[in-house]
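The chain contents come next:
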Amino acid sequence: MSPAILWFRRNLRLRDNPALLNAASGDRPIIAVYVLTPSDRGGASRWWLHHSLAALAADVEAGGGRLLLREGDAADQLAGIAAATGAGSIHFQHRYEPAALAEEQALTDRLGDSLDICGVHDGLLNHPDTVMTQSDTPYKVFTPFWRAAGKLGEPDAPAAAVPDVTFGKTEVASADLDGFGLLPTAPDWAGGLRAAWSPGEDGALEQLDGVPGRAARYADDRDRPDRDATSRLSPHLHFGEVSVRQVWSTIRAAEGDSMPASSVEALLRQLYWRDFSYYLLYHFPDLPEKPLRPEFEHFPWIEDDTLLSAWQHGRTGYPIVDAGMRQLWETGWMHNRVRMIVASFLVKDLMIPWQHGAAWFLDTLVDADLANNSAGWQWVAGCGTDAAPYFRIFNPSRQGEKFDPDKAYVRQWVPEYGTDGYPDPIVDHSTARQQALEAYGVMKSAR
């Protein structure tokens, strides 16, 4: 029986993996493959990917096989492996980013007449084409999208056990994981990432197991960066080390005994926000580069490398902003409330283009998700769908007082806060706010 190629993408796990289950049907040997492509970018994400692939390779080896690693054009690499092994099918998880969709089309064009190309919807609660308005257009506001998506029902229950599959061994050449160059060279900046995270399926399941206890007060404490009250699942979901069905099932099962209904519903709503970000990217593929509200192409942004660098390195003189940016640099992650605060400061206090902030996040976040990142930055900048109005400008000092009232978060990440070593504010918020509103007025009059 001809083997089946299992092309791992953002589903780096064995449990509850529909592509794996499909590939294993009929007791065919499975050839496990990962192809590194230009979309695998961002320093922190590449660090995570290295360790996630190492964990997956060990799991595949424990199942009697070998994870083939390749780099380059996915269609070319998979075609070569199929020819060398006599594979009769290729199984994979659909992705919805523009480059990933182009990869799938190229694979179909290249091999669709010679073997079975079998993609499965897996990474989201609902396929982006299944949630449309009555006029068959995409939703542009979250709440109506959420209501429509909720009517499609809850996701299927996950397959909890590791499937009994046969991974095939092959002499086909494989790249060396270290040769991918995913880890930092000198200086080694990843010490904080190693201390904060455990990439791989086992680490994801351990993190998931802790959610009912850690996030029991999520509905009340989710905006408090000084409290460990969030799921911290975003990088594991990004790399598919745990499925969205597993997350949904675990949270739903915790309702009552471990978590109040309010926290359960608030957490599940975040999964719909994740869907909505992918939904926007799927229907508006220019989301990472262009404002969805075209009038913002006329906004008089300011290019200032000195101010941008101060923001990037947490030296703005605004404690909650600096704490967030330093947490990001040290751990590759930042609390969601603080992400909104630092983003607002960049685009509204400093008036620096949101694309610069999005690029920095993509390089420094371990959950550097193109869809969530792009949608989030456009939301804060006021130029996306369902966006916060541009004239809603966070006061960073008041935000810190409200969400970090005891300065516990600030003191953790900015130890020199309150001393002579802490910098003065790089801009006056009141003045910057007025300048931003005036710029907004200029943009509106230029339409």
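Up top is the structure these notes are about.
Described in the following lines is the structure provided in the data block. (Residues numbered from 1 in each chain as written. Predicted model: local features only at pLDDT ≥ 70, side-chain atom pairs only at ≥ 80, totals over all residues. Heavy atoms only, no water.)

## A closer look at the nonpolar core
Taken as a class, soluble globular proteins show a tendency for nonpolar side chains to be buried jointly. Just so we agree on the cut-off: Put simply, a nonpolar core is a bunch of buried Ala, Val, Leu, Ile, Met, Phe, Trp, Tyr and Cys residues held in one set by side-chain atoms that sit within 4.5 Å of each other. Only protein chains enter the calculation, and the probe is 1.4 Å; a residue is then buried if its accessible area is under 20% of its type maximum, exposed if over 50%, and partly exposed in between. By the criteria applied, helices consist of DSSP H or I runs no shorter than four residues and strands consist of E runs no shorter than two, each listed in order from the N terminus. By the convention used here, residues are in contact when the closest approach between their heavy atoms is within 4.5 Å.
Core analysis: the biggest nonpolar cluster contains 90 residues, and Trp 311, Val 321, Phe 361 and Trp 377 have the highest contact counts within it. Examining the composition of this core, we find that 11 residues originate from one element, helix H12 (residues 261-283), more than from any other. Not counting residues within four places of it along the chain, the set of residues in contact with Trp 311 comprises Thr 316, Val 321, Met 325, Val 342, Phe 345, Leu 346, Leu 350, Gly 357, Trp 360, Phe 361 and Trp 377. Residues Phe 8, Trp 48, Leu 69 and Leu 177 belong to the second largest nonpolar core, which totals 34 residues.

## A few points about the sheet that holds strand E5 (residues 116-120)
The following threshold applies: Two strands pair if DSSP finds at least two bridges between them. Axes, fitted as lines to C-alpha atoms, cover a helix only where it is in contact. Angles between the N-to-C directions of the axes lie from 0 to 180 degrees.
One open sheet accounts for five strands, arranged E3-E2-E1-E4-E5; its pairing is parallel. Every other strand in the sheet has two partners, leaving strand E3 (67-71) and E5 as the edge strands with one partner each. Going from strand to strand, the sheet's axes swing by 25° on average, the running direction of each strand aside. Strands in contact with helix H4 (residues 98-111) are strand E1 (4-8), strand E4 (89-93) and E5; relative to E4, the strand with the most contacts, it is inclined by about 170°.

## What to know about the environment of Gly 119
You can see Gly 119 is positioned in strand E5. When the C-alpha positions of Gly 119 and Pro 18 are compared, they lie 9.5 Å apart, and in sequence the two are 101 residues distant. Discounting residues that sit within four places of it in the chain, Gly 119 has contacts with Phe 92 and His 94.

## Examining the pattern of salt bridges
Our working rule: For this analysis, a salt bridge means a side-chain nitrogen from Lys or Arg found within 4 Å of a carboxyl oxygen belonging to Asp or Glu.
As enumerated under the stated definition, the model contains 23 salt bridges in all. Here Arg 315 ties to Glu 416 by a salt bridge, and the two come within 3.2 Å at their closest N and O atoms. Taken together, the residues Arg 315 in the loop between helix H13 (305-312) and helix H14 (319-331) and Glu 416 in the loop between helix H19 (408-413) and helix H20 (429-446) connect sequence positions 101 residues apart. For Arg 315, a relative accessible area of 36% puts it in the partly exposed group. Here Glu 416 falls in the buried class, since its relative accessible area comes to 17%. Connected through shared salt-bridge partners, Arg 13, Asp 16, Asp 122 and Arg 245 make up one network.

## Comments concerning helix H18 (residues 396-403)
Put simply, the rule reads: The directions considered for the arc run from the helix axis to the C-beta atoms. Any pair of nitrogen or oxygen atoms within 3.5 Å is treated as a polar contact; in protein, a donor-acceptor pairing is required on top of that, and neighbouring residues in sequence qualify only through side-chain atoms on both sides.
By the burial criterion, the buried members of H18 are Pro 396, Gln 399, Gly 400 and Phe 403. In a view along the axis of H18, the buried residues occupy a sector of 100°, so they form one face of it. Facing away from the buried side of H18, by more than 90 degrees, are the exposed residues Arg 398 and Lys 402. Two or three places before Ser 397, at the start of H18, stands the capping residue Asn 395, its side-chain oxygen 3.0 Å from that residue's backbone nitrogen.

## Some thoughts on the packing of helix H15 (residues 336-349) against helix H17 (residues 370-381)
The following threshold applies: Orientation labels follow simple angle bins: below 35 degrees gives roughly parallel, above 145 gives roughly antiparallel, 65 to 115 gives roughly perpendicular, and whatever is left gives oblique. Should the near helix be turned anticlockwise from the far one by less than a right angle, the crossing is left-handed, and should it be turned clockwise, the crossing is right-handed. Residue polarity is assigned by list, with Asp, Glu, Lys and Arg as charged and Ala, Val, Leu, Ile, Met, Phe, Trp, Tyr, Cys and Pro as nonpolar; anything else, Gly included, falls into the polar class.
One can describe the packing of H15 onto H17 by two numbers: an axis separation of 9 Å at closest approach and a directional angle of 60°. Judged by the inter-axis angle, H15 sits oblique to H17. Between H15 and H17 lies a crossing of right-handed hand. Residue-level contacts link Met 340, Ala 343, Ser 344, Leu 346, Val 347 and Lys 348 of H15 to Trp 377, Trp 379, Val 380 and Ala 381 of H17. Across the contact of H15 with H17, the residue classes break down as eight nonpolar, one polar and one charged.

## So, unusual backbone geometry
The linkage connecting Ala 186 with the following residue, Pro 187, adopts the cis geometry, with an omega of 0°. If you trace the backbone, Pro 187 turns up in the loop between helix H5 (142-150) and helix H6 (191-196). Of note, Asp 16 is a non-glycine position whose phi angle comes to about 45°, a positive value. Tracing the sequence through the fold places Asp 16 in the loop between E1 and helix H1 (18-24). Within the chain, Met 351 stands out as a residue other than glycine whose phi angle is a positive 55°. Its place among the elements puts Met 351 in the loop between H15 and helix H16 (354-364).

## With respect to the packing of H14 against H16
Here H14 crosses H16 at 35°, and the two axes come no closer than 9 Å. When H14 is examined against H16, the residues Met 325, Leu 328 and Trp 329 are found in contact with a partner set consisting of Trp 360, Phe 361 and Thr 364. A class-by-class count of the residues in the contact of H14 with H16 yields five nonpolar, one polar and no charged.

## Some thoughts on the pairing of strand E2 (residues 30-36)
In terms of burial, E2 is a largely internal element, seven of the seven residues being buried. Residues Ile 30, Ala 32, Tyr 34 and Leu 36 point to one face of E2 and Ile 31, Val 33 and Val 35 to the other, with burial holding for every one of them. Relative to E2, E1 runs parallel, the two being bridged by five bridges. By the bridge assignment, Phe 8 is partnered in E2 with Tyr 34.

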